[in-house]
Amino acid sequence: MSELGIVYALLGAAAAVLLAGTGSAIGVGIAGQAASGVVTEDPSKFAKVLIMQLLPGTQGIYGLLVGFITLSKIGLLGGGAADIDVKTGLMILAACLPIGIVGLLSAISQGKTSAAAIGIVAKKPEQFGKAMLFPAMVETYAILALLISILAVTAIQV
Amino acid sequence: MAKNQYTYAVARIRAMEVSLFSQAVIDQLLACKDEKQCISLLQEKGWGNADTPADAEAILTCEREKTWKEVKGLVDDMSVFDVVSYPDLFHNLKAAIKVAATGEESSDIFISDTKIPAEEMLEIVKNKEFSRLPDYMANAAEEAYEALLHTHDGQLCDIIIDRAALLAIYAAGRKAKDAIIRDYAESTVAVADIKIAVRSQKTAKSLEFMKRAMAECDSISVDALCKAALNGMDAIQEYLEGTAYKGGAEALRESTSAFECWCDNRIIETIKPQLYNPFTIGPIVAYVLARENEIKTVRIILTGKQNAFPDDSIRERVREMYV
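As recorded in an unreviewed UniProt entry, chain B goes by V-type ATPase subunit and comes from Sellimonas caecigallum.

Per an unreviewed UniProt entry, chain A goes by the name V-type ATP synthase subunit K and belongs to Sellimonas caecigallum. UniProt, in the comment section headed Subcellular location (unreviewed entry), describes chain A in these words: "Membrane". A UniProt comment under Sequence similarities (unreviewed entry) is attached to chain A, and it reads "Belongs to the V-ATPase proteolipid subunit family."

This is the structure:
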């Protein structure tokens, strides 16, 4: 039964990367559609809308970070997997969930907010700073989830 | 991801909205000395193409065609625009019936680029093949054609077709999934009914005439409006006070042109909330209506300048802008 521990821990790392990465891909995709619409009409706004499009991409990076720390913790990166019991494996899985789930949902929401904010840039490019604040607000919750995931994963004794 | 299918189109529309005329540009047009100066200003603002003659009608037609071309490039299912395009289609039906009944050929009375091409419409009416027309047109077309042929009453023919157009718009609005199309259809039919009541009151039309011209809708009671019209303008105003169209009562008290202006502004008011809705078809429909409104406003100014109307009297007729 002790082999299951490492499976759960690896599942945690996979969930963090998979969910947060999927969220970012969807979010960046939504914002990308809006950005393409604006650039079709006004290519001079490319730089501004590109920044907006990239905002929902951070959740994927957070997921990757948590996944990396988890893999390092369970020794998979060093070549020798640690001997992890089921309870510890499940704890690592639970620790990875905040960034996985919050990353998925916040990236999609951020993508939609970015698309709306790209509308502001299309009509009033001088309001770029204000427009960027709206999608940036969504980021707060992804950062909170990232913090908890990192703190929890690093606190678990293997 | 179907709900996001308009994200690209809406963002493009947002960028295109920048070039819609604001009130400041309309003021600049009003300040022009004559029609020629207005046309130069329009050309400076990018209206018309390089090969469009410096003629008011040519520029306005070119702008209309540009709008539909842009929209067709953005939306796959053009049926959502039925409510907006029906008036043109029914206009062509009216024109075809009059050409067929009188035998006077004239191509410039047709609107180009409609769902049923003008030539085909004329052929259908001339051959009396009304069943080839869509269901919402067929009966009205036959009735109007027979009425014109037997009574030679052009107005009767017009009201039969106009009512069919209103019913078609209303039915298309009811079927639509998007709130903007439902609201637009409701407002269009209600405002048209109010216009009919006001004009019928002024020309002392009968109850039967009004009922034949008006179309039922949720926000206006045709019976109550007809009765009010029979009792005079004050009764119409009193009736409107109790509906969602009380602005119309105030405009009626002001002047006839203020009322006509309110009728168009009421439609723009309906679509204005769509300015802030980034994922639905709403902003695209709102853009088309805003362009139609803009072209109509420019036409009013150009006609006013052509006939050397005083600025104040043109200004009174100028419609509210979307941006």
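Undergrad: Residues and numbers for the interface of chain A and chain B, please.
TA: How big an interface is tends to be reported as the loss of accessible area on association of its parts. Taken together, the contact pairs 15 residues of chain A with 16 residues of chain B. Between chain A and chain B, the buried area comes to about 1,300 Å², and carbon and sulfur atoms account for 71% of it. In this structure, the connection of chain A to chain B is made through 2 salt bridges. A salt bridge links B:Arg12 to A:Glu41; its shortest N-O distance comes to 2.9 Å.

Undergrad: Describe in detail the pattern of salt bridges, supporting the description with residues and values.
TA: A side chain of one charge can pair with a side chain of the opposite charge when the charged atoms of the two come close. Residue and element names in this part refer to chain B. The tally for this structure, following the rule as stated, stands at 24 salt bridges over all chains. One salt bridge in this structure joins Lys66 and Glu63, with 2.8 Å as the shortest N-O distance. One end of the pair, Lys66, and the other, Glu63, are both in helix 4 (residues 56-74), 3 residues apart, so they sit about a helical turn from each other. On the accessibility criterion, Lys66 (22% relative accessible area) is partly exposed.

Undergrad: Please set out the state of the cysteines residue by residue, giving values where relevant.
TA: Within the structure shown, the criterion is met by 0 disulfides over all chains. With no disulfide of its own, B:Cys38 has B:Cys32 as its nearest cysteine by sulfur position, at a separation of 4.1 Å.

Undergrad: Pulling in residues and values, what's your account of the UniProt feature "domain: V-ATPase proteolipid subunit C-like" (unreviewed entry) in chain A?
TA: Taking the UniProt record as the reference, the feature "domain: V-ATPase proteolipid subunit C-like" (unreviewed entry) is found at residues 11-69 and 93-151 of chain A. The straight-line gap between the two end C-alpha atoms of residues 11-69 of chain A is 13 Å; of that span, 88% is helix and 0% is strand.

Undergrad: Got a sec to walk through helix 4 (residues 86-123) of chain A? Specific residues and values, please.
TA: All names here are of chain A. Between the first and last C-alpha of helix 4 there are 55 Å, a value that for 38 residues agrees with the 56 Å anticipated at 1.5 Å per step. Taken as a whole, helix 4 carries its principal kink of about 35 degrees at Leu97; the proline Pro98 stands between one and four residues after it. The residue sitting at the N-terminus of helix 4 and contributing the capping side-chain oxygen is Asp85; that oxygen lies 3.3 Å from the backbone nitrogen of Lys87.

Undergrad: Before we move on, could you go through a nonpolar patch on the surface and cite the residues and values that matter?
TA: Residues and elements named next belong to chain A. Together, Tyr141, Ile143, Leu144, Leu147, Ile148 and Leu151 make up an exposed nonpolar region whose accessible area comes to about 590 Å². Structurally, Ile143 is set in helix 5 (residues 128-155). Relative accessible area serves as the criterion here: at 37%, Ile143 is assigned to the partly exposed category.

Undergrad: I'd love a proper account of the nonpolar core, names of residues and values included.
TA: All names here are of chain B. Membership of the largest hydrophobic core comes to 100 residues, with the highest contact counts inside it found for Phe81, Leu93, Leu133, Ile236 and Ile284. Excluding residues that lie within four positions of it along the chain, Ile284 makes contacts with Tyr6, Ala9, Val10, Ile13, Val71, Val75 and Phe81. By size, the runner-up hydrophobic cluster in this structure holds 21 residues, among which are Phe21, Leu29, Leu41 and Leu60.

Undergrad: Please set out the packing of aromatic side chains residue by residue, giving values where relevant.
TA: All names here are of chain B. Following the criterion strictly, the structure yields 8 aromatic pairs over all chains and no others. Both rings, one in Phe21 and one in Trp47, keep their centres 4.9 Å apart while their planes meet at 20 degrees; by these two values the pair is stacked. Placement of the pair is Phe21 in the loop between helix 1 (7-17) and helix 2 (23-31) and Trp47 in the loop between helix 3 (35-44) and helix 4, with a sequence separation of 26 residues. We note that Phe21, like Trp47, is buried. Taken together, a centroid distance of 6.0 Å and an interplanar angle of 20 degrees make the contact between Phe259 and Trp262 stacked. Residue Phe259 and its partner Trp262 are located together in helix 14 (residues 256-271), separated by 3 residues, close to a single helical turn. Under the relative-accessibility criterion, Phe259 is labelled buried at 1%.

Definitions and limits used
- Residues numbered from 1 in each chain as written.
- Chains lettered and ligands numbered in written order.
- Predicted model: local features only at pLDDT ≥ 70, side-chain atom pairs only at ≥ 80, totals over all residues.
- Heavy atoms only, no water.
- UniProt positions renumbered as here; feature names shortened; annotations may be inferred.
- Contact = heavy atoms within 4.5 Å.
- Buried area = accessible area lost by both parts, 1.4 Å probe.
- Salt bridge = Lys/Arg side-chain N within 4 Å of Asp/Glu carboxyl O.
- Helix = DSSP H or I, 4+ residues; strand = E, 2+ residues; numbered from the N terminus.
- Buried < 20%, exposed > 50% of the residue type's maximum accessible area, 1.4 Å probe, protein only.
- Disulfide = S-S within 2.5 Å.
- Expected span 1.5 Å × (residues − 1).
- Bend = angle between axes of the 7 residues up to and from the residue.
- Polar contact = N/O pair within 3.5 Å; in protein donor to acceptor, adjacent residues only side chain to side chain.
- Patch = residues over 30% accessible without salt bridge, like charges linked within 9 Å, V, L, I, M, F, W, Y side chains within 5 Å.
- Areas by Shrake-Rupley, 256 points an atom, 1.4 Å probe, with all protein chains shown as cover.
- Core = buried A, V, L, I, M, F, W, Y, C linked by side-chain atoms within 4.5 Å.
- Phe/Tyr/Trp six-rings, centres within 6.5 Å; stacked < 30°, edge-to-face > 60°.

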